[in-house]
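The lines below spell out each chain.
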Amino acid sequence: MSALGRQRWWIMRTLALPVHILVFALLAFFLVRLMPGDPVLNFLSDGAASPEDYARVEAALGLDGTLLEQFGRYLVGLAQFDMGNSITSGRPVVDELMLRFPITLQLTVVGLVVTIAAAFAGSYVAAVAPTSIIGRGIRVYARTAGAIPDFVLGVVSIFLFYVLLRIAPPPVGLVGAVETLPEPVTGFSLIDAALVGDWHITGSILAHLALPVLVLVLGYSPLIMKILIISLDEAVDAPSTRFRISTGASRGTVIASIMRRAAPPAVVICGMLFGGLLGGSIVLDQLFSLGGVGQFAVASINANDFPVLQGFLVLTAAVSLVVYLLVDVVNMTLDPRRRPGMVVA
Amino acid sequence: MTLRLAGPAGDAAVAAPAARPRPRWSTYLIFLPAALLAVLAIVGPYITPYDPTRVVGGAAIAPNATYWFGTDSAGMDVFSRTIAAARVDVLIATVVTLGATLGGILIGMFAGMGESHGGLRGLIARGTSRVLDLADAVPLIVIAMVIVAMFGATELSLSIVLTIVLIPGPARLTRAETLRVRGEAYLDAARIGGMRESKLSLRHVLPNAAIPAVENMSVVFGIAVAIAAALGFLGVGIAPPTPEWGSMVSRGTSDLISGRWWSAVFPAVFLGAAIVAVAVAGGAAVRRLRN
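Undergrad: What am I meant to see in the overall build of chain A here?
TA: Counting its regular elements, chain A contains 13 helices and 0 strands. Reading the helices (α) and strands (β) of chain A from amino to carboxyl end gives α-α-α-α-α-α-α-α-α-α-α-α-α. With respect to the principal axes defined by its C-alpha atoms, chain A has extents near 85 × 65 × 40 Å. Within chain A, the fraction of its 345 residues that count as buried is 46%.

Undergrad: Help me understand empty space enclosed by the protein in this model?
TA: Where empty space is left in the structure can be found by rolling a water-sized probe over the atoms. Residues and elements named next belong to chain B. Under the definition given, this model contains 2 cavities of 30 Å³ or more. Of the volumes computed, that of the largest cavity is approximately 60 Å³. Lining the largest cavity are D72, V78, R81, M248, R251 and S263. If you list the elements that add at least two residues to the lining of the largest cavity, you get α4 (78-114) and α13 (245-257). By residue class, the composition of the lining of the largest cavity is 2 nonpolar, 1 polar and 3 charged.

Undergrad: Could you clarify how one ought to interpret the environment of A229 of chain B in this entry?
TA: Along the polypeptide, A229 of chain B turns up in helix α12 (residues 217-233). Not counting the four nearest positions on each side in its chain, A229 of chain B is found in contact with F151 of chain A together with D89, E244, G246 and L271 of chain B.

Undergrad: Can you help me understand the interface of chain B and chain A in this one?
TA: Tallying the contact residues gives 41 residues for chain B and 46 residues for chain A. Both faces combined, the contact of chain B with chain A buries some 3,800 Å², and carbon together with sulfur accounts for 85% of it. Looking at the side of chain B facing chain A, the largest losses of area belong to L134, M150 and I257 of chain B, adding up to 18% of the total buried there. If you look at where chain B meets chain A, you find 0 salt bridges. Run the count over chain B and chain A and you get 0 residue pairs in polar contact (both at pLDDT 80 or more). For the side of chain B that touches chain A, the secondary structure elements donating two or more residues are α5 (119-135), α6 (140-151), α12, α13 and α14 (262-290) of chain B. Of the residues forming the side of chain B that touches chain A, the biggest block, 11 residues, is contributed by α14 of chain B. Looking at the side of chain B that touches chain A residue by residue, the classes come out as 32 nonpolar, 6 polar and 3 charged.

Undergrad: Just checking my understanding: could you explain the nonpolar core for this structure?
TA: Across soluble globular proteins, you tend to see nonpolar side chains buried next to one another. Counting residues in hydrophobic clusters, the biggest one holds 158 residues, and the most contacted among them are F151 and F312 of chain A together with M145 and L231 of chain B. Contact partners of F312 of chain A, with chain neighbours within four places excluded, come to L97, I282, V293 and A297 of chain A together with V142, M145 and V146 of chain B. Membership of the second largest hydrophobic core comes to 8 residues, among which are M109, L187, A190 and L200 of chain B.

Each value, and the rule that gives it
Residues numbered from 1 in each chain as written. Chains lettered and ligands numbered in written order. Predicted model: local features only at pLDDT ≥ 70, side-chain atom pairs only at ≥ 80, totals over all residues. Heavy atoms only, no water. Helix = DSSP H or I, 4+ residues; strand = E, 2+ residues; numbered from the N terminus. Buried < 20%, exposed > 50% of the residue type's maximum accessible area, 1.4 Å probe, protein only. 1 Å grid on protein atoms, 1.4 Å probe; cavity = no way out; pocket = protein on both sides within 12 Å on 5 of 7 lines; lining within 4 Å. Points joined across faces, edges and corners; volume = space filled by probe spheres on them. Nonpolar A, V, L, I, M, F, W, Y, C, P; charged D, E, K, R; others polar. Contact = heavy atoms within 4.5 Å. Buried area = accessible area lost by both parts, 1.4 Å probe. Salt bridge = Lys/Arg side-chain N within 4 Å of Asp/Glu carboxyl O. Polar contact = N/O pair within 3.5 Å; in protein donor to acceptor, adjacent residues only side chain to side chain. Core = buried A, V, L, I, M, F, W, Y, C linked by side-chain atoms within 4.5 Å.

Here you go:
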């Protein structure tokens, strides 16, 4: 096998990425054109629109010319990261989304890290102390709580921690009413605040992120724990564990060995979790008024701003697919049997 | 698990499955919450103390003997609306669960049976499998949100969109099971017996490959309720004043932040409880059928 041939699996997988994104771009393109009624009139809902207005909106939506022309323009634009302009603000859709995407992404990434940590800690307790009250509680929670919507957990946690206990800051925005967010450098407000050394604001952002992150942990850790507890139970019972105990290995060694054998299926789930968490962050963005892409999408829906919605769909899909690709490649690096075209003897 | 096979109890279970004692009535209690939800979905709109779509009193009255769950910011009775709201989400989720499971089974079987074929059929089947994998990566709520925003939200359009969005789950389960079933000896036996390939798929592959997707129905139901309500919460679902848990929570959020918690918390708790009830009942039913 040539050197290139050995690397084929990840090169092919990476080359497939633009094709995958294109699937969602096509979906976005045809959705606007399959809409019941006329999207232009839908936008100009106040009724008496002059022909000039009609032509202007039609052009703004990219709906002028034949379908083939429209499609050509759409693809050329897409290749240059141009998804048209927002009808409401007139600014490029990509700029508008890029301004807000980091806010949502920040919540997603922080949520992902804490969720994975909490899920591993919780599963560890459930596996090591399966008959304790906490262990049983975690098992029941992992089995039943996986499908509770994020905004339900969000409303209940706002009620508990803000309205009743008064320990959370008001669930509106990333900072308090009299505080201002740092000048965007990276767009990720936590990093920006830390870069200028403003620890007061950094702390405030962390405090405001605490509830949404808690909600993501409560909502998504059961998905990992359900898988991890099962494989931990199997690993605890396996001959390898008995062998280590019988040779007098320390408790730490035994637990490390159990974790190492039980982790792979959970790692796969952790990678797939990103898409779910991103969706959760988009919903929580609206609940906690964080100013991210979720709130923007809801506002665009109410304004019938279809170019923004198209961009929102394609950009969300692209981000999810890039992460999915990274996870896939990492998994295939760790476990060559997952590579495409591999024949397991 | 390994211990059970070796123990005397395991031997007895293997030797005399017919002699298994009838489960006590209390073991059926686990299905009670889901049954209550079903009853609520059917009779809910008829047993409300007030009209769930009308202003019945002052705005934002705290829960009391007259208005059990208080009134919302418009002056509608939260208890009546919460009870009546069970219908919309449960109805949509039921239709979606049946549609997505059936569609998923058919698509999954097609992909599983066709994958090793040559020509166009194999190409389409392999392409279908790839698309099913992709659907995993992108958040369902975003796809559903954009489609519903463009096509409008009626009970019918929501059901169709959610069915399409939720098909990949059961389809992937069925595809994996089809790949396993395809190697079974009874298929070769049927082929040797002269059964045509199409009849073979229907008679032998379908009933066996469909099992995981059928077992997964309560999960699909939970996700369908969750997404239908989440769309309502984001303002793209069934529009008020039709009582729907998600839009009720959404309209109650600003009240909640100013301390008037009842108009958001009650529908949120009912929605969460409904999803957990179905998940618990579904899990219990699967365990019962497997034993």
